[in-house]
Amino acid sequence: MEKLTSPYKWGMVIDLDRCTGCGACVVACQAENNIPVVGKDQVMRGREMHWIRVDRYYHAESATNDASTYSPSLDNPETFFQPVPCMQCENAPCEQVCPVDATVHSAEGLNDMVYNRCIGTRYCSNNCPYKVRRFNFLRFQDWDTPQLKLMRNPEVTVRSRGVMEKCTYCVQRINNVRIDAEKQNRPIRDAEIVTACESACPSEAIVFGNANDPSSRVAKLKAQQRNYSILAEINARPRTTYLAAVRNPNAELEKA
Amino acid sequence: MSASEPPVNSPDLRRLDPVLAPGHTYASVTDKIAAVVLTRPLGIGWLAGFTVAFGVVMVLFASLAWLIIKGVGIWGINVPIGWGFAIVNFVWWIGIGHAGTLISAILFLLNQKWRTSINRFAEAMTLFAVACAGIFPLIHTGRPWMAFYMFPYPSTMGVWPQFRSPLIWDVFAVSTYGTVSLLFWFVGLLPDLATLRDRAKTRTQQVIYGALSLGWRNSAHHWHRYQSAYLLLAGLATPLVLSVHTVVSFDFSVAIVPGWHTTIFPPYFVAGAIYSGFAMVLTLAIPLRKVYGLEDFITMRHLENMAKVMLATGLIVAYGYFVEFFMAFYSGNKFDVFLATQRLHGPYSHFYFALILCNILTPQLLWFEKVRRNVVALFLMSLVINTGMWLERFVIVVISLTRDFMPSAWGRYSATFWDYSTFVGTLGLFVMLIFLFVRGLPAIAISEMRELVAHQSNGKKENE
């Protein structure tokens, strides 16, 4: 059995000040991880498969014409975007309720999905406070069209019907880098692993890395005062944390 | 002692109806109950009812076939509402089964004579309800053909079930419950099966009942062993009345979902189970005694006692609802408070108010003796309570999931045709099994009724 210690502690920081809500991370993830496009009908039923979603929060006070203070109105609210992938909780509520051990913790802190062990009770999704798990309610993948086979990422399992799936922190990219590093007999360097969402983010809001290494970008960001976890009071201890958005608008330039 | 007085000597019970109408002998009891199985011709009513129920079972099979072909996506579930009708129905059915075990095991240990004429079909009801319930945990999984992963078998992969999951506890609780219920029912049937064998008119009947009665010859040895086995099984079944629904409630209370994560769940689920179970016994007993003329055996005393049990358990359930609200506000947990207000004002509030009407308000009529002794009112009440208990599970399972922690992940649930057809299909299966049972096996325990006759005549002698 694998020892539950590792030099690596994968973590992610998403800077909400930088996020513009463009959705590039969602598309990049979809392409990287062979995520099915389920179509309008299934999306209307609440069965979209995105492993990362971009939540929107609006802030507005009652409309005011006083230009001296910055005060967003309901017509023009202040908008915040928050990309939400799997939080890779250290104390994951999903893992404790799976009856067949299909979602388990890796030594490096990843919350792994074992697709061929999953029987699809969906208990993990119910117990996920972030609701980032996605379920193959039907056979969403097209297995028959030969051209589509070339489209898919050969390093990522094509999931069948009836199993749960979710963000893996691009575990295939982690392992590719790990193989290279092992061949060269050296530890994995900071910024060597780039997740799909991170690589696509135009404002570099998403940073992935080894939180065990105090000199890594991710560890430095997590040390910032702005760093916080969503729903920290649940004590799931998410590995994905956020840097709070700080807005400091010039009241003379921005009018409500 | 006049004939209208009860066979029980306790003075405060004298006002009550008898548990067995007076004037019956060993032979008349046996004749009357065995005749339903052996001599009574198949009536048009039975045939029509059975045909309808059988048709509904075909709907169930069609729904299950389509489910296996397409996947659970044919239902209304989604993310965040991962559990829908399937789990609601599972909890509802398993709850209904509880009354059977309570009547046959706990009332037996408490020496409640009035249980005798209703225990057999209440146990049958338990078995059939568990059979209906057992379908759902299997089919609600995304890959039901892999569901055997939930059992701790020596796998070549070296993987065991994950014992921290309440679903695994469910597997053990429900399978134990099903097994013990079946054994208890079958052991209780043995003397009656032998009676049917001895009275059988055709060779087929003789062979079937003969094989099933396991060579029962009515010897004192047999009776001695039978009594100890029955007592032991009653002792085994008694904790199950409390444990099974407690474990089922853990599916919810162990999770962190607001509305699920509640410590009141185990006692409140058990009370709710007994509540709905007694309602279902009434739903079955009232037509049964009418159609087969068994009013002498299932008397007003039985109906009234069951009504009283419903009133008591209904009040415990009402207390559970109250505590849920109280604790939500007392805890100050914003998600719990939000959920409580959502129940009253949210998009599904009509379900909650319907539930309060069915489960708390209407059953208060049972305080009145006139209602408890009115067969039609009791029958309607039992249907109302069964509806209410289904709504309760819907409110707990589905509505809690629609709006939990992150507003961005909130969702709505609406059941599809296949949700309804599967549920109605299991109702059909239940009714069909009941139809087969009343014609194939003695619906009332003949041997125990003969004991009652003995008690009655002994009581008379002592009084004279």
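As a convention, each chain's residues are numbered from 1 in the sequence order in which they are written. Lettering for chains starts from A, numbering for ligands starts from 1, and both go in the order in which the items are written. Where totals are concerned, whole chains, interfaces and linings use all residues; where local detail is concerned, this predicted model gives features only for residues with pLDDT of at least 70, and gives and counts side-chain atom pairs only at 80 or more.

Enquirer: Account for the overall build of chain B, naming residues and giving values.
Expert: Looking only at helices and strands, chain B features 15 helices and 0 strands. Each radius of gyration reported is based on C-alpha atoms, and the globular scaling rule is 2.2 Å times the count of residues to the power 0.38. Against the compact-globule benchmark of 23 Å for 464 residues, chain B has a radius of gyration of 23 Å, which places it among compact chains. Along the three orthogonal principal directions, the C-alpha set of chain B runs to about 75 × 55 × 45 Å. For chain B, the proportion of its 464 residues judged to be buried stands at 45%. Each residue is represented by a C-beta atom placed from its backbone, and any two residues with such atoms within 7 Å are regarded as in contact. Long-range pairs, those at least 24 residues apart, make up 81% of the contacts in chain B between residues at least 6 apart in sequence. Only runs of H or I of at least four residues qualify as helices and only runs of E of at least two qualify as strands under DSSP, and these elements are numbered from the N terminus. Residue burial is a threshold on neighbouring C-beta atoms within 10 Å of the residue's own C-beta, all placed from the backbone, with 20 or more meaning buried, 12 or fewer meaning exposed, and counts in between meaning partly exposed.

Enquirer: I'd like a rundown of the overall build of chain A, residues and numbers included.
Expert: A count of helical and extended segments in chain A gives 8 helices and 10 strands. For chain A, whose C-alpha radius of gyration is 20 Å, the value lies close to the compact-globule estimate of 18 Å for 256 residues. Viewed in the frame of its principal axes, chain A has a C-alpha envelope of about 65 × 45 × 35 Å. Counting across all 256 residues of chain A, residues that qualify as buried make up 40%. For chain A, the share of sequence-separated contacts (at least 6 apart) that also reach a separation of at least 24 residues comes to 64%.

Enquirer: Kindly report on the nonpolar core, identifying the contributing residues and their values.
Expert: Ranked by internal contacts, the top residues of the largest apolar core, which has 181 residues, are B:F278 and B:V281. A total of 16 residues in this core trace back to one element, the largest contributor, which is helix 3 (residues 85-109) of chain B. In this usage, the nonpolar core is the set of buried Ala, Val, Leu, Ile, Met, Phe, Trp, Tyr and Cys residues whose C-beta atoms join them within 7 Å.

Enquirer: How would you sum up the sheet that holds strand 10 (residues 240-243) of chain A? Please name residues and give values.
Expert: Backbone-to-backbone hydrogen bonds pair the strands of a sheet. The strands run either parallel or antiparallel. Here the rule is simple: two strands pair whenever DSSP picks up at least two bridges between them. Strand order in the open sheet made by the 4 strands is 8-1-10-9 (chain A), with mixed pairing throughout. The sheet terminates laterally at strand 8 (206-210) and strand 9 (227-228) of chain A, the two strands that pair on one side only.

Enquirer: Any chance you could break down helix 1 (residues 24-32) of chain A for me, citing the residues and the numbers?
Expert: All names here are of chain A. Those residues of helix 1 that fall on the buried side of the exposure criterion are C25, V26, A28, C29 and E32. In a view along the axis of helix 1, the buried residues occupy a sector of 165 degrees, so they form one face of it. Each element contacted by the buried residues of helix 1 is listed here: strand 2 (53-59), strand 3 (78-84), helix 7 (196-200) and strand 8. Looking one or two places after helix 1, you find N34, whose phi comes out positive at around 55 degrees. By definition, the arc is the one covered by directions from the helix axis to the C-beta atoms.

Enquirer: Outline the interface of chain A and chain B, supporting the account with residue identities and numerical values.
Expert: With 35 residues of chain A at the contact, the number on the chain B side is 34 residues. Element by element, the count of residues in the side of chain A that touches chain B is highest for helix 4 (residues 123-127) of chain A, at 4 residues. Note that Gly is not counted as nonpolar here; it falls among the polar residues with everything else outside the nonpolar set of Ala, Val, Leu, Ile, Met, Phe, Trp, Tyr, Cys and Pro and the charged set of Asp, Glu, Lys and Arg. Classifying every residue of the side of chain A that touches chain B gives 15 nonpolar, 9 polar and 11 charged.

Enquirer: A description of unusual backbone geometry should follow, citing residues and the corresponding values.
Expert: The phi torsion of most residues other than glycine is negative, and most of the peptide bonds are trans. The peptide bond linking B:V79 to B:P80 adopts the cis configuration, its omega dihedral lying at 20 degrees. By the element assignment, B:P80 lies in the loop between helix 2 (44-70) and helix 3. With phi around 45 degrees, A:Q88 is a residue other than glycine that occupies positive phi space. Relative to the elements of secondary structure, A:Q88 occurs in the loop between strand 3 and helix 3 (93-97). At A:R122, a position not held by glycine, the phi torsion is positive, near 65 degrees. In this structure, A:R122 sits in the loop between strand 5 (111-113) and helix 4.

Enquirer: Pulling in residues and values, what's your account of the packing of helix 5 (residues 166-199) of chain B against helix 6 (residues 203-212) of chain B?
Expert: Residue and element names in this part refer to chain B. A fitted line through C-alpha atoms represents every axis, and for helices the fit uses only the stretch in contact; the resulting angles, taken between N-to-C directions, go from 0 to 180 degrees. Packing of helix 5 against helix 6 brings their axes to within 8 Å, and their N-to-C directions diverge by 155 degrees. The orientation of helix 5 with respect to helix 6, classified from their angle, is roughly antiparallel. In this structure, helix 5 meets helix 6 at a crossing whose hand is left-handed. Facing helix 5, whose interface residues are L193, L196 and R197, helix 6 presents Q206, Y209, G210 and L212. Among the residues making up the contact of helix 5 with helix 6, the classes are represented as 4 nonpolar, 2 polar and 1 charged. The cut-offs work like this: below 35 degrees is roughly parallel, past 145 is roughly antiparallel, 65 to 115 is roughly perpendicular, and the gaps in between are oblique. Crossing handedness: left-handed means the near helix sits turned counterclockwise from the far one by under a right angle, and right-handed means the same turn made clockwise.

Enquirer: Any chance you could break down the packing of helix 2 of chain B against helix 14 (residues 417-440) of chain B for me, citing the residues and the numbers?
Expert: Residue and element names in this part refer to chain B. Between helix 2 and helix 14, whose axes approach to 7 Å, the crossing angle comes to 140 degrees. When the axes of helix 2 and helix 14 are compared, the pair comes out oblique. Here helix 2 runs over helix 14; the crossing is left-handed. Considering only residue class, the contact of helix 2 with helix 14 consists of 17 nonpolar, 7 polar and 1 charged.

Enquirer: How would you sum up helix 1 (residues 26-38) of chain B? Please name residues and give values.
Expert: Take the residue count of a helix, subtract one, and multiply by 1.5 Å to get its expected span. For helix 1 of chain B, spanning 13 residues, the distance from its first C-alpha to its last is 17 Å, which sits close to the expected 18 Å at 1.5 Å a residue. Listing the buried residues of helix 1 of chain B in full gives B:V29, B:T30, B:I33, B:A34 and B:V37.

Enquirer: An account of the environment of A:C22 is requested, with residue identities and associated values reported.
Expert: By the secondary structure assignment, A:C22 is in the loop between strand 1 (10-15) and helix 1. When the 15 C-beta atoms within 10 Å are taken as the criterion, A:C22 is described as partly exposed.

Enquirer: Tell me about the environment of B:I399, and please be specific about residues and values.
Expert: Residues and elements named next belong to chain B. You can see I399 is positioned in helix 13 (residues 375-402). The spacing of I399 and L102 is 297 residues in sequence and 30 Å in space, taken between C-alpha atoms. Those residues in contact with I399 that sit more than four places away from it in its chain are R343, Y348 and F351.

Enquirer: Give a detailed account of the confidence of the model for chain B, specifying residues and quantitative values.
Expert: All names here are of chain B. Confidence scores labelled pLDDT are given residue by residue by the predictor and lie between 0 and 100. Scored by pLDDT, chain B has a mean of 88; 95% of the residues are at 70 or more. Under a pLDDT of 50 for its full length, residues 1-14 has, in the predicted model, 17 contacts with residues more than four places off or in other chains. Here the prediction assigns the complex a pTM of 0.91, and the interface score ipTM is 0.89.

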